[in-house]
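Letter by letter, the chains look like this.
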Amino acid sequence: MDYVVSLLPSLTEGLVSTLKIFIVTLVLSIPLGIVIALGRLSKVKIISVITEGYIWLMRGTPLLLQIVFVFFGLPLMGISFDRFPAAIIAFVLNYAAYYGEIFRAGIQSIDKGQYEASEVLGMSNSQTFFRIIFPQMIKRVLPPVANEVITLVKDTALVYVVGLDELLKVAKTASNRDASLVPLVVVAVFYLLLTAVLTKVFQVLEKKYSYYQ
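Residues numbered from 1 in each chain as written. Predicted model: local features only at pLDDT ≥ 70, side-chain atom pairs only at ≥ 80, totals over all residues. Heavy atoms only, no water.

Draft legend 1. Quick look at the nonpolar core. Leu11, Tyr99, Phe103, Val145 and Val149 are the most contacted members of the largest nonpolar core, which has 52 residues in total. When contributions to this core are tallied by element, the ones reaching two or more residues are α1 (2-40), α3 (63-73), α4 (83-108), α6 (125-155), α7 (167-178) and α8 (182-208). The biggest single contributor to this core is α6, with 12 residues. If sequence neighbours within four positions are ignored, Phe103 has contacts with Ile30, Gly33, Ile34, Ala37, Met137, Val141 and Val145. In terms of nonpolar packing, the next biggest core, distinct from the first, is built from 5 residues, Ile36, Ile55, Met58 and Ala97 among them. (Core = buried A, V, L, I, M, F, W, Y, C linked by side-chain atoms within 4.5 Å. Buried < 20%, exposed > 50% of the residue type's maximum accessible area, 1.4 Å probe, protein only. Helix = DSSP H or I, 4+ residues; strand = E, 2+ residues; numbered from the N terminus. Contact = heavy atoms within 4.5 Å.)

Structure (structure tokens):
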């Protein structure tokens, strides 16, 4: 028990780093995902094609490779970022592509009659989207979004490649130093607690939006 307590300060620092990456990525990638979804559905062909190509690129290559490219590859072109911004850029661009496809599917699942009814009522396109379509879309996309959010918690471990001391890296360092699996077990508990909290949050959100049937 004393050993576990002695690990907590360093693991807490790693947890803070993990949470920073997680929160910043979530805050930036979800709005960007909505923009990408709208671009994908745009009637302007060039916008739709560019957005589709972006999604294909982000989903078709590993996130780890994207992180490496942003941090190590872009400097070869004269564009460089510090470790944390580089990781965030890669994460946001990657997850926005996934969220974009989820939101696109959610928007397309809404009955076309609702658009027509909104037009008859004299609502503008923005009013129709934010007052009628968006709440129903949120209800329908919550399960896949929840899966992506939980995946994001675990994917934060990939930032080790740029030298950031996130939760798992700190635990692996302690495990190698002390020849013990205890740090890894403690970190597993941390991850389980994080996913449990997120699962509960999404259950509450699903209940809140349950009246959109």
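There's more to say after this.
Draft legend 2. Quick look at the UniProt feature "transmembrane region" (unreviewed entry) in the chain. Sequence positions flagged by UniProt for "transmembrane region" (unreviewed entry) are, in local numbering, residues 20-41, 53-77, 83-100 and 181-202. Between the first and last C-alpha atoms of residues 20-41 the distance is 32 Å; the span itself is 95% helix and 0% strand. Each end of residues 181-202 is marked by a C-alpha atom, and these two atoms are 32 Å apart; helix forms 95% of the span and strand 0%. (UniProt positions renumbered as here; feature names shortened; annotations may be inferred.)

Draft legend 3. Looking closely at the layout of surface pockets. Estimates place the volume of the largest pocket at around 570 Å³. Taken together, 16 residues line the largest pocket, and the ones lying closest to its centre are Lys43, Ile107, Tyr115, Asn125 and Phe129. Elements represented by at least two residues in the lining of the largest pocket include exactly α4, α5 (112-120) and α6. Grouping the constituent residues of the lining of the largest pocket by class yields 7 nonpolar, 6 polar and 3 charged. Taken as a whole, the second largest pocket holds about 220 Å³ of empty space. Forming the walls of the second largest pocket are 14 residues, and the residues nearest its centre are Ile30, Ile138, Leu142, Phe202 and Leu205. At the level of elements, α1, α6 and α8 are the ones that each hand at least two residues to the lining of the second largest pocket. It is α6 that provides the largest number of residues to the lining of the second largest pocket, a total of 6 residues. (1 Å grid on protein atoms, 1.4 Å probe; cavity = no way out; pocket = protein on both sides within 12 Å on 5 of 7 lines; lining within 4 Å. Points joined across faces, edges and corners; volume = space filled by probe spheres on them. Nonpolar A, V, L, I, M, F, W, Y, C, P; charged D, E, K, R; others polar.)

Draft legend 4. Region of the structure containing unusual backbone geometry. We note that Ala179 has phi near 50°; this positive angle belongs to a residue other than glycine. The residue Ala179 is located in the loop between α7 and α8 in this model.

Draft legend 5. Focus on a nonpolar patch on the surface. Taken together, the side chains of Phe69, Leu76, Met77, Ile79 and Phe81 define a hydrophobic patch exposed on the protein surface, amounting to about 530 Å² of accessible area. Mapped onto the elements of the fold, Met77 is located in the loop between α3 and α4. (Patch = residues over 30% accessible without salt bridge, like charges linked within 9 Å, V, L, I, M, F, W, Y side chains within 5 Å. Areas by Shrake-Rupley, 256 points an atom, 1.4 Å probe, with all protein chains shown as cover. Salt bridge = Lys/Arg side-chain N within 4 Å of Asp/Glu carboxyl O.)

Draft legend 6. Focus on the packing of α7 against α8. In the contact formed by α7 and α8, the axes pass within 8 Å of each other and the chain directions differ by 160°. Judged by the inter-axis angle, α7 sits roughly antiparallel to α8. For the pair α7 and α8, the crossing hand works out as right-handed. Seen from α7, the contacting residues are Leu167, Leu168, Ala171, Lys172, Ala174 and Ser175; seen from α8, they are Pro183, Leu184, Val187, Phe190 and Tyr191. (Axes fitted to C-alpha atoms, helices over the stretch in contact; angles between N-to-C directions. Parallel < 35°, antiparallel > 145°, perpendicular 65-115°, else oblique. Left-handed = near helix turned anticlockwise from the far one by under 90°.)

Draft legend 7. Structural view of the packing of α4 against α6. As a packed pair, α4 and α6 sit with axes 9 Å apart at the nearest point and diverge in direction by 140°. Considered as vectors, α4 and α6 are oriented oblique to each other. For α4 against α6, the interelement crossing comes out right-handed. Counting all contacts with α4, which are made through Phe91, Tyr95, Tyr98, Tyr99, Ile102, Phe103, Gly106 and Ile107, the residues of α6 involved are Phe129, Ile133, Met137, Val141, Pro144, Val145, Glu148, Val149, Thr151, Leu152 and Asp155. Class assignment of the residues belonging to the contact of α4 with α6 gives a composition of 15 nonpolar, 2 polar and 2 charged.

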